[in-house]
Amino acid sequence: MQSTAYPLSIQPLLFTSEDLSPCFFFQPTEDELRFMEIWENLVSAMPAPVRCDGGRSRTGSVLATHAVKIFFRLKTLTAARERLLSSSNLRTITGTGRVPSLAVISKKTDEPTIAEEKEQLHDLMENGGVDEFLSTLEHRCSVTGKKNSKGNMEWFIGYKVHLAVDDNGIIVAHHVTGVCVHDSQVAIPLMRMADRRCDYLYALMDGGYTSQRIEAFASSIGKVPIIDRRADRNGNKDEMDPAKTWRYRSRTTVERTNSELKECFLPDKLYSRGKKGIFQIELSILMLDIKKISARLRAEAGEQARKTA
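Below you will find a few notes about this structure. This is a predicted model, so every value here is computed, not measured. (Residues numbered from 1 in each chain as written. Predicted model: local features only at pLDDT ≥ 70, side-chain atom pairs only at ≥ 80, totals over all residues. Heavy atoms only, no water.)

1. Observations concerning the overall build of the chain
The following threshold applies: Going along the chain from the N terminus, every DSSP run of H or I of four or more residues is numbered as a helix, and every run of E of two or more is numbered as a strand. The classification of residues rests on relative accessible area computed with a 1.4 Å probe and restricted to protein chains. Under 20% of the type maximum is buried, over 50% is exposed, and intermediate values are partly exposed. Any pair of residues with heavy atoms lying within 4.5 Å of one another is described as a contacting pair. Accessibility throughout is a Shrake-Rupley quantity obtained with a 1.4 Å probe, and a residue counts as covered only by protein chains that appear here.
Check the secondary structure of the chain and you find 15 helices and five strands. By residue count, 32% of the 309 residues in the chain fall in the buried class. Sequence separation of at least 24 residues holds for 52% of the intrachain contacts in the chain that already meet a minimum separation of 6. Accessible area for the chain stands at about 20600 Å²; split by element, carbon and sulfur atoms hold 53% of it.

2. Observations concerning unusual backbone geometry
Phi at R73 is positive, roughly 55°, even though this residue is not glycine. On the secondary structure map, R73 appears in the loop between α5 (58-71) and α6 (77-86). With relative accessibility at 75%, the residue R73 sits in the exposed group.

3. Things to note about the layout of surface pockets
Cut-off, in case you're wondering: Computed over the protein atoms alone on a 1 Å grid, cavities are sets of points where a 1.4 Å probe fits but cannot get out and pockets are open sets with protein on both sides within 12 Å along at least five of seven lines; a residue lines them when it has an atom within 4 Å of a point. Grid points are joined across faces, edges and corners, and a volume is the space filled by probe spheres set on the points.
Of the voids in this model, the second largest pocket is the one considered here, and its volume is about 240 Å³. In terms of lining residues, the second largest pocket is bounded by 13 residues, among which H122, M125, F133, S184 and Q185 are the most central. Contributions of two or more residues to the lining of the second largest pocket are made by α9 (114-127), α11 (184-197) and α12 (212-220). For the lining of the second largest pocket, the element with the highest residue contribution is α9, accounting for four residues.

4. Some thoughts on the pairing of strand β2 (residues 153-165)
Where we set the bar: Here, any two strands with at least 2 DSSP bridges between them count as paired.
Bridge count for strand β1 (residues 142-147) against β2 is six bridges, and the pairing is antiparallel. Residue pairing for β2: T144 is matched across the bridge by F156. Hairpin connection of β1 to β2: five residues between the antiparallel strands, including G151 at a positive phi of 85°. Pairing analysis gives seven bridges linking β2 to strand β3 (residues 171-178), with the strands arranged antiparallel. Its bridge partner lying in β3, V165 is registered against I171. What sits between β2 and β3 in their antiparallel hairpin is a turn of five residues, with G169 showing a positive phi close to 80°.

5. Focus: the sheet that holds β1
Pairing between the strands of a sheet comes from backbone hydrogen bonds, and it takes one of two forms, parallel or antiparallel. Here is the rule: Where helices are involved, their axes are fitted lines through C-alpha atoms of the stretch in contact, as for all axes, and angles between N-to-C directions lie from 0 to 180°.
Pairing is antiparallel across the open sheet formed by three strands, whose spatial order is β1-β2-β3. Two strands in the sheet have a free side with no partner beyond their single neighbour: β1 and β3. Geometrically, the sheet is characterised by an average inter-axis angle of 55° between neighbouring strands, direction not taken into account. Packing against the sheet, α11 makes contact with β2 and β3, and its axis sits at approximately 150° to β3. Relative to β2, helix α14 (residues 252-265) is tilted by about 115°, and along the sheet it contacts β2 and β3.

6. Overview of the packing of aromatic side chains
Just so we agree on the cut-off: Whether two aromatic rings pair depends on their centres lying within 6.5 Å, for rings of Phe, Tyr and Trp, where Trp uses its six-membered ring; planes under 30 degrees apart make the pair stacked, over 60 edge-to-face, and the rest tilted. For a ring to carry a charge above it, either NZ of a lysine or CZ of an arginine must fall within 6 Å of the ring centroid while also lying within 35 degrees of the normal to the ring plane.
Tallying each qualifying case throughout the model produces four aromatic pairs. Judged by centre distance (6.3 Å) and plane angle (20°), the rings of F35 and W39 are stacked. With F35 and W39 both in helix α3 (residues 30-44), this residue pair falls four residues apart, about one helical turn. Residue classification places W39 among the buried residues on the basis of a relative accessible area of 3%. Of the aromatic side chains, those joined through ring pairs into one cluster are F35, W39, F71 and F72. A cation over an aromatic ring shows up here: R83 above the ring of F72, its NZ or CZ 4.2 Å from the ring centre.

7. Comments concerning a nonpolar patch on the surface
Going by this rule: Here, patches come from residues exposed beyond 30% relative accessible area and free of salt bridges, joined within 9 Å for like charges and within 5 Å for nonpolar side chains (Val, Leu, Ile, Met, Phe, Trp, Tyr). A pair is scored as a salt bridge if a Lys or Arg side-chain nitrogen falls within 4 Å of a carboxyl oxygen belonging to Asp or Glu.
On the surface, a nonpolar cluster with roughly 480 Å² of combined accessible area is contributed by F279, L283, L286, M287 and I290. Mapped onto the fold, L286 is located in helix α15 (residues 274-308).

8. Details of α11
Stated precisely, the cut-off is as follows: In this scheme, a helix's expected span is set at 1.5 Å multiplied by one less than its residue total.
Its 14 residues place the ends of α11 21 Å apart at the C-alpha level, agreeing with the 20 Å of an ideal helix rising 1.5 Å per residue. Where α11 is concerned, the buried positions are V186, A187, I188, P189, L190, M191, R192, M193 and A194.

9. Let's talk about the pattern of salt bridges
Per the stated rule, a full pass over the model turns up 14 salt bridges. The salt bridge partner of E30 is R34, with a shortest N-O separation of 3.9 Å. Of the two residues, E30 and R34 are both situated in helix α3; the distance of four residues between them amounts to about one turn of the helix. On the accessibility criterion, R34 (41% relative accessible area) is partly exposed. Among the salt bridges present, the one from R34 reaches D31, with a minimum N-O distance of 2.2 Å. With a gap of three residues between them, R34 and D31 both fall in helix α3, about one helical turn apart. For D31, a relative accessible area of 34% corresponds to the partly exposed category. Via salt bridges that share partners, E30, D31 and R34 belong to a single interconnected network.

Here it is in structure tokens:
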């Protein structure tokens, strides 16, 4: 009979301790029993694929890792993963066959980056529901600040009215947000709303709307973007061609409409916030539009009367 000086072990050739450990369930601790009760109810509330396989799938085992982290008040997913690796009871309770790597756990549960979130919002802004995008903006009474012509910071609190008007000053689209929302965030939704309500050829905007994305979108829906670009830090500014410069003069119409809204309809101070405050602003916009449309209809009637006289 031949003997060898080295012990022979076939266990690593056939299975790992991780494969075998779920076959054994040691006396659970009180914490493990409480965790088992919560886990069973948690899995029953999950979608069918997770509910059917317990923690055996990759998704289920990732869920188990997070549940262990939360229940046992562990600080990191690394600690939770090590707890699962070291406890056959927890793997048996959760049905976890193989504990996933940290890379898999992170890939399955990572939140989108700031850049990804911005891109998702931009896609929603241009292609999704207009109302759905607008709902993502700040609509509460808020605070913002900007430098005046002398370089001093001025602070404002309240709401901001975003308007799209035609050459007659008639408001064809509007939206009310908190004053902290930048004008450029509402430019594309206003163009989309205006495009549904009327035919227009040009999109005139001041330097606050300087954005390649806004210009590209306007062009994509068949409009000519005319935006008065801002000067750079050295005071250099790209000038518009003569035709656009001439057409841009109509931009003063929206300034006059804004002034008329403030002077004739909006109160000096709003003493209501939330839906009541926004209602007062939108009622003022409606009343101004009625005034503008009525004036235009009277002017057209007078022109028609002169022609037929």
